[in-house]
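# Structure at a glance
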Amino acid sequence: MAQKQSILGRIGQLTRANLNALLDKAEDPEKMLDQLVRDYTSSIAEAEQAVAQTIGNLRLAEADHAEDVTAAKEWGDKALRASQKADSLRTSGQAAEADKFDNLAKIALGKQISFENEATTEAPQIASQGEVVEKLKVGLIGMNAKLRELQSKRDQLVARAKTADAQAKVQDAVRSIDILDPTSEVSRFEDKVRRVEAQVAGQSELAASSLDAQFEELEGDSTAAEVEARLSELKGIGTGSATAQIDPAAE
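Computed from a predicted model, the values in this text were never measured in an experiment.

### Considerations on the overall build of the protein chain
- Looking only at helices and strands, the protein chain has five helices and zero strands in total.
- When the helices and strands of the protein chain are read in sequence order from the N terminus, they spell out α-α-α-α-α.
- The burial tally for the protein chain puts 20% of its 251 residues in the buried class.
- A separation of at least 24 residues holds for 83% of the contacts in the protein chain among residues at least 6 apart in sequence.

Given below as structure tokens:
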């Protein structure tokens, strides 16, 4: 009986297992849940074997009880027939033979009482075992319900994990695209071209400035020459006027 109670306690403990707490701690949901399903399925299989054995023992006890009840009835019938035979013989004056059958009736009654006692002793044990078996069956039903719940949670969490993994990969891909964005390469090349263009423009501007300076220098030289020429012209005019003033012929 203690063994049967321990089986029932084990089933109750497994049935009341807080699977949600285990699932919350799962680092790898798919692997952990697969292992949980295997372990729980194995536990159910062991419990089913234990319950089957308990049921088998109950059925044997019930069969033995039924045999004891049948045997008690049969020995009661034998005692009755022997007693009736003894009465018949005694009526006919055969006292010795009547005593013989009375003794057989007493033996039969002793057997009847023995089987009745066994049946009476077995009855409460069988009733108790029957209650245990029913509780074990309910426990197994609860375990199978928990197994289905676990399998459902396993499928849900695996699907969620795969979705989360896919989303993470998409995010990684997006970040990679941002890092390896071809337009950023174009932008860098465009910036390089702009710098080269700016350098060429600067060089052109510098070259133009140098050329303007040369032309300005040439213009400066030309102006100086013109100044000298005009100065010479002025001096020539001045000389001519002075000569005209002192010309003796004019006097």
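### Section: the pattern of salt bridges
- Applying the stated criterion to the full structure yields nine salt bridges.
- Notably, a salt bridge pairs K146 with E149, separated by 3.4 Å at the nearest N-O pair. On the criterion of helical spacing, the pair formed by K146 and E149 is a turn pair, its members being three residues apart in helix α4 (residues 95-179).
- Taking relative accessible area as the criterion, K146 reaches 23% and is therefore assigned partly exposed.
- Connected via shared salt-bridge partners are D87, R90, D99 and D102.

The rules we used
- Residues numbered from 1 in each chain as written.
- Predicted model: local features only at pLDDT ≥ 70, side-chain atom pairs only at ≥ 80, totals over all residues.
- Heavy atoms only, no water.
- Helix = DSSP H or I, 4+ residues; strand = E, 2+ residues; numbered from the N terminus.
- Buried < 20%, exposed > 50% of the residue type's maximum accessible area, 1.4 Å probe, protein only.
- Contact = heavy atoms within 4.5 Å.
- Salt bridge = Lys/Arg side-chain N within 4 Å of Asp/Glu carboxyl O.

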